[in-house]
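Remarks on the overall topology
Listed here are the chains, written in short residue letters.
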Amino acid sequence: MRKIHVIGIGAGDPEQLTLQAVRALRSTDVFFVLDKGEVKSDLVQVRRDMLDAHVPEGTYRVVEARDPQRDRAAGGAAYSPAVGDWRSARAEIYARMIAEELGQDESGAFLVWGDPALYDSTIGILEEILERGAVAFEFDVVPGISSVSALVARHRTGLNRVARPVQITTGRRLAEGLPEGVDDVVVMLDAHQTFRQYTDQDIDIYWGAYIGTPDEILAAGPIAEAAPRIERLRAEARERKGWIMDTYLLRRNRQE
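Parameters and conventions
- Residues numbered from 1 in each chain as written.
- Predicted model: local features only at pLDDT ≥ 70, side-chain atom pairs only at ≥ 80, totals over all residues.
- Heavy atoms only, no water.
- Helix = DSSP H or I, 4+ residues; strand = E, 2+ residues; numbered from the N terminus.
- Buried < 20%, exposed > 50% of the residue type's maximum accessible area, 1.4 Å probe, protein only.
- Contact = heavy atoms within 4.5 Å.
- 1 Å grid on protein atoms, 1.4 Å probe; cavity = no way out; pocket = protein on both sides within 12 Å on 5 of 7 lines; lining within 4 Å.
- Points joined across faces, edges and corners; volume = space filled by probe spheres on them.
- Nonpolar A, V, L, I, M, F, W, Y, C, P; charged D, E, K, R; others polar.
- Salt bridge = Lys/Arg side-chain N within 4 Å of Asp/Glu carboxyl O.
- Pairing = 2+ DSSP bridges.
- Axes fitted to C-alpha atoms, helices over the stretch in contact; angles between N-to-C directions.

1. Notes on unusual backbone geometry
Of note, the phi angle at L189 is positive, near 55 degrees, even though the residue is not glycine. Locating L189 in the fold gives a position in the loop between β7 (184-188) and β8 (203-209). Located in the positive-phi region is Q193, a residue other than glycine, with phi close to 50 degrees. Looking at the secondary structure, you find Q193 in the loop between β7 and β8.

See the structure below:
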């Protein structure tokens, strides 16, 4: 039976790999990598650097495929179907790579940024492949250090405060309003800097981009003061690299 490891590799720092992740890397025969194009080629290189650092040379092979394009212009009711189509296209690529490149008694692996359980599609895609019945395999999941954990660690703060909840959401959801009864909100996948909607409120922001990599950028402070600085840093970084991955925590201040 083919075996697949879904390995969380942290937010970018090679030292964030867990001992369990390193053990899984060293038991893998084939690593499957999706190439997102020249602009994001450094994401592929970080994966290769991790393999060079932790896995003996000559004990594995790397199989690359081009990541299918997603309709990022789809909004409203069209958003979920567009994501579904993209995931299904990925499932076809994954199934082909596993069937054609992985022997019956070999182990393959997908290296997932952060933690595979947090805003990542790999687990769901593998389940879809198994439901189709096109290729048989078993898989396990190795947790990783998420960008959320890395963000608050770099800012030397916690996700929640005593006896208060924390919520993790997306920029798309944040645009609909801050969640009721939650004063600590982590925002991911925000391409539109939705935090700007809340600069008139008593909120602190803890922001980070390219967390855990040599390009890491951090900013924090009252949102009215920090938002313009974050906008500038974000624009400069995106212009320089061609892409950006950022995460932030909004912390609403309430009078006790």
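2. Details of the environment of L189
Residue classification places L189 among the exposed positions, given a relative accessible area of 57%. Note: C-alpha distance between L189 and G212 (23 residues apart in sequence) is 17 Å. Setting aside chain neighbours within four positions, we find L189 in contact with Y119, T170, G171 and D246.

3. Looking at empty space enclosed by the protein
Evaluation of the coordinates by the stated rule reveals one cavity of 30 Å³ or more. Roughly 30 Å³ of internal volume is contained in the largest cavity. Considering the residues around the largest cavity, the lining is formed by L178, V182, D183, D184, V185, I203, L250, R251 and R252. A total of three residues in the lining of the largest cavity trace back to one element, the largest contributor, which is strand β10 (residues 246-252). Residue classes in the lining of the largest cavity are distributed as five nonpolar, no polar and four charged.

4. Notes on the pattern of salt bridges
For the coordinates displayed, the defined rule picks out 15 salt bridges. R161 serves as the salt-bridge partner of D184, at 3.2 Å between the closest nitrogen and oxygen. Remark: R161 occurs in the loop between α5 (147-154) and β6 (166-170) and D184 occurs in strand β7; sequence separation between them is 23 residues. Exposure remark for D184: the relative accessible area of 0% places this residue in the buried category. When its relative accessible area of 21% is taken as the criterion, R161 is described as partly exposed. What emerges from the salt-bridge pattern is a single network uniting R161, D184 and R251.

5. Some thoughts on the sheet that holds strand β1 (residues 2-8)
Overall, parallel pairing links the five strands, which are arranged β3-β2-β4-β1-β5 in an open sheet. If you trace the sheet from one side to the other, it starts and ends with β3 (61-66) and β5 (137-142), each paired once. Sheet twist, expressed as the mean angle between neighbouring strand axes with direction ignored, is 25 degrees. Sheet strands in contact with helix α1 (residues 19-26) are β1, β2 (30-35), β4 (107-112) and β5, and its direction is about 145 degrees off that of β1.

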